[in-house]
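Topology and contacts: notes
One letter stands for each residue in the lines below.
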Amino acid sequence: MATRHPIPHQSSLISLTRHPTAFTRIHPLTRPIISFPSISASSSSTMASTTKKVLVPVANGSEPLEAVIMIDVLRRAGADVTVASVEKGLVVDACHGVKIVADGLIHEFAEDVFDLISLPGGMPGASNLKDSKVLRSLAEKQAADGRLNAAICAAPAIALGSWGLLDGLQATCYPSFMDQFPASVKSVESRVQKDGKVVTSRGPGTAIEYSVALVEQLYGKEKADEVAGPLVMRPNHGDEYVIKELNSVEWTFNGTPQILVPIANGSEEMEAIIMIDVLRRAKAKVVVASVNEGLEILASRKVKLLADTLLDEASNSSYDLVVLPGGLGGAQAFAASEKLVNMLKKQKEAGRPYGAMCASPALVLEPHGLLKGKKATAFPAMCSKLSDQSEIESRVVVDGNLISSRGPGTAMEFSLAIVEKFLGREKSIEIAKTMLFVHP
């Protein structure tokens, strides 16, 4: 792996290793339903349970949320995921102040055989992927040998389309790049589209659906369903999402929302990166703080995260919101951190917002009295640990200054709810549309 690099503030370095009585307000966001084509078991490629090899190339300007979700979901299925930089070094400058450290450089894998090559989007990331001669050669050989190619966001049009790998096929991509498909491509507006040995998708808000579809192509529908269950995915992709709010209060800030996102060994990388990505899109100042002794943490699906700072340093500042991702090991580390628990207690006592999702409401907030008199939700298997279980089926619950949510598949809604509380519904909807979480 690469040597550690100094981390500038407001940037999170991700190293990807190769391992397998209140009033209730309900917000509907209705838009035309988009086709999410089911992928029949008969159309899946190889169904064997053997380990599948997957290549995820990354570049300067890649969309980190899409890359991390692919890696996380595919590793949940047991795939051996290799992350390759098409740049001169292992560290690539992804979007939204996130740096990704790859396993190796793309030329190191030029002779390898993969069951799937999956390209994240982001600009200029997709263009940088397109310009890689080694990646193009790998993708062309993939197609010639009848193995899977896949891409999301800008990458279907900018990379696969320009390489001629979508000729005669139906494909989708980020809306503003649809007109860049060659005339030989049958462009469609599906959130996820499979045709032949190619899977394409639209953007950050479709990344989980896309990744589960890739699992189905590699391992079959039974494995895809097995992986999808614990993600707590939405039943109505692209249509509407609902936020449950009780005891509504205004969340205030001066200038720009200051938000602390702690991370620790075992934190859920999808949840952490979705929070960071969405909140930075909203122009919040997000500080990622390690609860461990060093900046580097090993997340739940073997993605290494390097925080902006240590919690000891971060604790010297005050925040408009302190919000915890889940992941079993991470939540246990949070609960054991006296400094973090004290910060959360002070946050609550001062009437400032705090929140948690997945395992953290049950393992951190509940045992430390931070849910007393509050309604919350958590990861389904953890909800029995909550004293008040009246709202456990809600995907996102806002109770005054507390916000909670269920799992990786609710992380986008959770993050958008935070944006709404600070910056209003209009801004939240704007970001949701931009990310294709709901249909624009």
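Since the structure is predicted, the reported quantities are computational estimates derived from the model, not experimental observations.

Focus: the sheet that holds strand S4 (residues 80-85)
Reading across the sheet, the seven strands line up as S7-S4-S3-S8-S9-S13-S12 and stay open at both edges, with mixed pairing between neighbours. Each having just a single partner strand, strand S7 (104-105) and strand S12 (192-195) make up the two edges of the open sheet. Taken together, the four bridges between S12 and strand S13 (residues 198-201) define a ladder with antiparallel strand orientation. Bridged to Gln193 within S13 is Thr200. Packing against the sheet, helix H3 (residues 133-144) makes contact with strand S3 (53-58), strand S8 (116-119) and strand S9 (148-152), and its axis sits at approximately 130° to S8.

Points about empty space enclosed by the protein
Roughly 140 Å³ of volume is contained in the largest cavity. Looking at the largest cavity, it is lined by 16 residues, and the ones nearest its centre are Gly205, Ile208, Glu209, Gly409 and Phe437. Ranked by residues supplied to the lining of the largest cavity, first place goes to helix H5 (residues 207-219) with three residues.

Observations regarding the pattern of salt bridges
Under the defined criterion, the tally for this structure stands at 21 salt bridges. When the shortest N-O distance is used, the salt bridge between Lys244 and Glu391 registers 3.0 Å. Of this pair, Lys244 sits in strand S14 (residues 244-246) while Glu391 sits in the loop between helix H11 (360-365) and strand S22 (396-399); the two residues are 147 residues apart in sequence, bridging distant segments of the chain. The pair Lys244 / Glu391 is uniform in exposure class, with both members buried.

Observations concerning the nonpolar core
Ranked by internal contacts, the top residues of the largest apolar core, which has 116 residues, are Leu74, Leu119, Leu135, Ile259 and Ile418. With nine residues, H5 is the single largest residue contributor to this core. Ignoring anything within four residues of it in the chain, the contact list for Ile259 reads Leu279, Ala284, Lys285, Val286, Val287, Tyr319, Leu321, Val323, Ile418 and Phe422. By size, the runner-up hydrophobic cluster in this structure holds 31 residues, among which are Leu311, Ala356, Leu371 and Cys383.

A closer look at helix H1 (residues 64-76)
In a regular helix each residue adds 1.5 Å, so 13 residues correspond to 18 Å; H1 covers 18 Å between its end C-alpha atoms and thus fits that length. Within H1, 12 of the 13 residues are buried, which leaves it mostly tucked inside the rest of the structure. Buried within H1 are the following residues: Pro64, Leu65, Glu66, Ala67, Val68, Ile69, Met70, Ile71, Asp72, Val73, Leu74 and Arg75. The N-capping residue of H1, defined by a side-chain oxygen 2.8 Å from the backbone nitrogen of Leu65, is Glu63. At the exit of H1 stands Gly78, carrying a positive phi of roughly 100°.

About the criteria used
- Residues numbered from 1 in each chain as written.
- Predicted model: local features only at pLDDT ≥ 70, side-chain atom pairs only at ≥ 80, totals over all residues.
- Heavy atoms only, no water.
- Pairing = 2+ DSSP bridges.
- Helix = DSSP H or I, 4+ residues; strand = E, 2+ residues; numbered from the N terminus.
- Contact = heavy atoms within 4.5 Å.
- Axes fitted to C-alpha atoms, helices over the stretch in contact; angles between N-to-C directions.
- 1 Å grid on protein atoms, 1.4 Å probe; cavity = no way out; pocket = protein on both sides within 12 Å on 5 of 7 lines; lining within 4 Å.
- Points joined across faces, edges and corners; volume = space filled by probe spheres on them.
- Salt bridge = Lys/Arg side-chain N within 4 Å of Asp/Glu carboxyl O.
- Buried < 20%, exposed > 50% of the residue type's maximum accessible area, 1.4 Å probe, protein only.
- Core = buried A, V, L, I, M, F, W, Y, C linked by side-chain atoms within 4.5 Å.
- Expected span 1.5 Å × (residues − 1).
- Polar contact = N/O pair within 3.5 Å; in protein donor to acceptor, adjacent residues only side chain to side chain.

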